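# Understanding the architecture of this molecule
Next come the chains, spelled out residue by residue.
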Amino acid sequence: MKKISKVFPFSKFIEKKYIKSREKETGLKNIFFEKIDLSNDSSREERLKALVEALKRNGWKIKNEPKDD
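Residues numbered from 1 in each chain as written. Predicted model: local features only at pLDDT ≥ 70, side-chain atom pairs only at ≥ 80, totals over all residues. Heavy atoms only, no water.

## Some details on helix α1 (residues 12-26)
With 15 residues, α1 should reach 21 Å at 1.5 Å per residue; the first-to-last C-alpha distance of 21 Å fits that figure. G27 sits one or two residues past α1 and shows a positive phi near 80°. (Helix = DSSP H or I, 4+ residues; strand = E, 2+ residues; numbered from the N terminus. Expected span 1.5 Å × (residues − 1).)

Structure follows, in structure tokens:
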């Protein structure tokens with residue numbers, strides 16, 4: 001008997017269906033849904049930096065942003 005993996009890529013159809021169901025469930029419109037491409041061995045700081053950059057690209061303002069020296 002062949003074991004079927006429950007892990008599968010997110011197809012565009014499933015992605016759109018998920019977004020619509022969440023909007024209907026919460027009553028809120030999604031501001032953006034952007035994939036952040038990082039490998040599994042990325043450090044926490046790299047993931048955080050990528051997330052902050054994605055938020056900035058989508059119009060978010062970051063309070064108390066650390067300044068690079």
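## Description of the environment of S21
The residue S21 is located in helix α1 in this model. Looking at S21, the relative accessible area reads 39%, which means it is partly exposed. One polar contact links the side chain of S21 to the main-chain carbonyl oxygen of Y18, over a distance of 2.9 Å. (Buried < 20%, exposed > 50% of the residue type's maximum accessible area, 1.4 Å probe, protein only. Polar contact = N/O pair within 3.5 Å; in protein donor to acceptor, adjacent residues only side chain to side chain.)

## Looking at a positive patch on the surface
Residues K12, K16, K20 and K35 make up a contiguous surface patch of positive charge. On the accessibility criterion, K12 (60% relative accessible area) is exposed. (Patch = residues over 30% accessible without salt bridge, like charges linked within 9 Å, V, L, I, M, F, W, Y side chains within 5 Å. Areas by Shrake-Rupley, 256 points an atom, 1.4 Å probe, with all protein chains shown as cover. Salt bridge = Lys/Arg side-chain N within 4 Å of Asp/Glu carboxyl O. Lys, Arg positive; Asp, Glu negative; His and termini not counted. Charge placed at Lys NZ, Arg CZ, Asp CG, Glu CD.)

## Observations concerning the pattern of salt bridges
Side chains carrying opposite charge are able to pair once their charged atoms draw close together. Scanning all chains against the criterion turns up three salt bridges. Between E23 and K29 there is a salt bridge, and its shortest N-O distance comes to 3.7 Å. According to the relative accessible area criterion, K29 is exposed, its value standing at 68%. Among the salt bridges present, the one from K56 reaches E53, with a minimum N-O distance of 3.9 Å. A residue pair is termed a helical-turn pair when its members lie 3 or 4 positions apart in one helix, as K56 and E53 do in helix α2 (residues 44-57) at three residues. K56 gets classed as partly exposed once you look at its relative accessible area, which sits at 31%.

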